[in-house]
Amino acid sequence: MKRINQILPVFVAGIFYIFCCQKALGQKKPAAPGYARVILAVDTKTRGISIPDDFSGLSFETGSERNGNASVKGHFFDPANQQALLLFKQLGIKHLRVGGGSVDIKNIEPTKTDIDRLFEFAKAADLKILYSFRLLNGNATANAAIAKYIWDKYRSNLECFSIGNEPDWRSYHLTDPEITDYPTYYSKWKRFQKAIIDSVPPAMFTGPETGSNYPVTGAKNTNYNNRSWTVNFADNEKGSKNIVYISQHNYAGQEATGKPIHEVIDQMLSAVFDTSYYPALYTNNLEPVLKDGFKYRMTESNSFSGEVNGASNSFAAALFALDYMHWWAQHNCSGVNFHNKQWVRNAPIYKDATGNFNIYPIGYGIKAFDIGGHGQTKPVKIINTEGINLTAYAVQNSTGLYITIINKTHDTTARDAQITLKQWGNYKKATTLMLTAPNNDVTTTTGITLGGAAISNTEPWQGKWTDTPVRSGKWSIRVPAASAVIVKVY
């Protein structure tokens, strides 16, 4: 006892000394030890939401149609571009929106040859095209003529038309004297729509391609009469038979340019996106669209606008994309089109220094969704008493039940999750596919694998499933920090 009494003061003093030194040096707290236990239960009996086959999409600028655009030799959209064609197929992309800011602010219109190459590519890649026309200082008659050209030649790969881009941003329509607010925009939009319908009576449309995701934190308020232009447009078009869905843009974290790498990564993996930012946009802008009887689609989307090297092109973007797509699929979204502006670092497909086309890490998240995101959503009950940053989603189809688990803990909060699946219906077997980066480093831009394999621009993806044992109707797996797993039970 005497010995303990002698040692205890020294031990306490040592701990106090270490604490003071860490505080003085501004050190971060050490990584959380051990692992967290999480229990999942999937309700396979409740009818969920059917995820459309063309849910996975990309969005490109109208300028990308043109020959030689963005230092591309020839046309990027050309069935002869075998690398781009294979990457679209590898990622499971079934929907392509062509529009963006360049549809309104570029003076060079795509030629018929440009349009031919685009739709030939779409046929080869089995894509549906959302094709955009100029509204800002545009020519309704010229739009109608091109709409007829597309309809007559390529209707099998055409989904619908769009007119204009992000009209709620005042900066976009300052140069057009006809557009000063929402009512003048809508009046002009209807006039341009009528010109196309007069030329192509069966034509279908989307709109308004709203730019602001207000009331998400940091977003600019562009509302008219206390409602977003998205909701105003849906209300005005209620009952219309010419609208396929309402289109909304969403850059969840707003602008990334100029932010530190760690801040962008932390935001991409923050639980706040799921618990606050997405619900705010859904409740205020998109749930009203559903109540008006329309579907909705995120036709231009990403974690942030702009780019930060080492963050926008990091493994964190893959985990973000996988979580983002599942969250919106669970909330009745008809699809997500990640914006692929040439060649920013948050674009899924990019042209490298040698002129070859490859994918940034965000593409791995899109591919992972393609594997586990076909079918009908099912509710997942998560018992996460330690509150680690983890999400889980379930989708059921004729081949089995796919459960996607995303462990977003990283840096000082990094903890593995020991997952126990206690309920999943009458399935008996389980197999897994891991999405990982070297050393579970969310900042890495290379070495990422899905099912142990990279996604190539020259050969089909070779990822492999790993069978895991099921005992007494229970199944368990360790999901490392900063990784994701797709579990197939069947």
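The structure this text deals with has already been given above.
Rules of the game
- The written sequence of each chain sets the order in which its residues are numbered from 1.
- Where local features are concerned, this predicted model is filtered to residues with pLDDT of at least 70; where side-chain atom pairs are given and counted, the filter is 80 or more; whole-chain, interface and lining totals use all residues.
- To obtain the side-chain values, all non-hydrogen atoms of the structure were used and water was disregarded.
- Put simply, DSSP H or I for four residues or longer makes a helix, DSSP E for two residues or longer makes a strand, and each gets a number counted from the N terminus.
- Radius of gyration: over C-alpha atoms. The globule rule applied is 2.2 Å multiplied by the number of residues raised to the 0.38 power.
- Residue burial is assigned from relative accessible area. The probe radius is 1.4 Å, only protein chains are included, and a residue is buried under 20% of its type maximum, exposed over 50%, and partly exposed in between.
- With residues, only the protein chains shown are counted as cover, and all accessible areas are computed by Shrake-Rupley using a 1.4 Å probe.
- Asp and Glu are treated as the negative residues and Lys and Arg as the positive ones, with His and the ends of the chain left uncounted.
- The atoms used to mark charge sites are NZ of Lys, CZ of Arg, CG of Asp and CD of Glu.
- When two rings of Phe, Tyr or Trp (its six-membered ring) have centres within 6.5 Å they constitute a pair, described as stacked for plane angles under 30 degrees, edge-to-face for angles over 60, and tilted for the intermediate range.
- Only when the NZ of Lys or the CZ of Arg is both within 6 Å of the ring centre and within 35 degrees of the ring normal is a charge said to sit over the ring.
- It only takes one pair of heavy atoms within 4.5 Å for two residues to be counted as in contact.
- Think of it this way: DSSP has to see at least two bridges between two strands before they count as a pair.
- Under this scheme, a helix contributes an axis fitted over its contacting stretch, all axes are lines through C-alpha atoms, and angles between N-to-C directions fall in the 0 to 180 degree range.

Q: Help me understand the overall build of the protein chain, please; the structure alone is not making it clear to me.
A: Regarding its fold elements, the protein chain presents 12 helices and 21 strands. Since a compact globule built from 490 residues should have a radius of gyration of about 23 Å, the 25 Å found for the protein chain is in line with a globular shape. Each principal axis of the C-alpha distribution contributes one length, and for the protein chain these read about 95 × 50 × 50 Å. With 490 residues in all, the protein chain has 55% of them scored as buried. Total accessible area on the protein chain is roughly 20800 Å²; 53% of this is exposed by carbon and sulfur atoms. The averaged location of the 40 negative side-chain charges in the protein chain is 8 Å from the averaged location of its 51 positive side-chain charges.

Q: I keep staring at the packing of aromatic side chains and nothing clicks. Help me out?
A: The relative placement of two aromatic rings is captured by the distance of their centres and the angle of their planes. The tally for this structure, following the rule as stated, stands at 37 aromatic pairs. Both rings, one in Y278 and one in Y324, keep their centres 5.3 Å apart while their planes meet at 85°; by these two values the pair is edge-to-face. Of this pair, Y278 sits in helix α10 (residues 271-291) while Y324 sits in helix α11 (residues 315-329), placing them 46 residues apart in sequence. Here the two residues Y278 and Y324 agree in accessibility, since each one is buried. Against the face of Y35 rests R478, its NZ or CZ located 4.1 Å from the ring centre. Positioned over the ring face of Y490 is K488, at 5.3 Å from the centre of the ring.

Q: Honestly, the environment of H326 in this entry has me stumped. Any pointers?
A: Here H326 lies in helix α11. Judged by relative accessible area, which is 1%, H326 ranks as buried. Along the chain, H326 and A394 lie 68 residues apart, while their C-alpha atoms are 8.8 Å from each other. In contact with H326, other than residues within four places in its own chain, are F369, G372, G373, Y393, V395 and T404.

Q: Any chance you could explain the sheet that holds strand β5 (residues 158-163) here in plain terms?
A: Through backbone hydrogen bonds, the strands of a sheet pair up, either in parallel or in antiparallel fashion. Overall, parallel pairing links the eight strands, which are arranged β2-β3-β4-β5-β6-β7-β8-β9 in a closed barrel. Between one strand axis and the next, the sheet turns by 25° as a mean value, whatever way the strands run. Alignment of strand β7 (residues 243-251) against strand β8 (residues 296-302), held across six bridges, turns out to be parallel. Bridging from a neighbouring strand, H249 pairs with E300 of β8. Set on the sheet, α10 makes contact with β7 and β8; between it and β8 the angle comes to about 145°.

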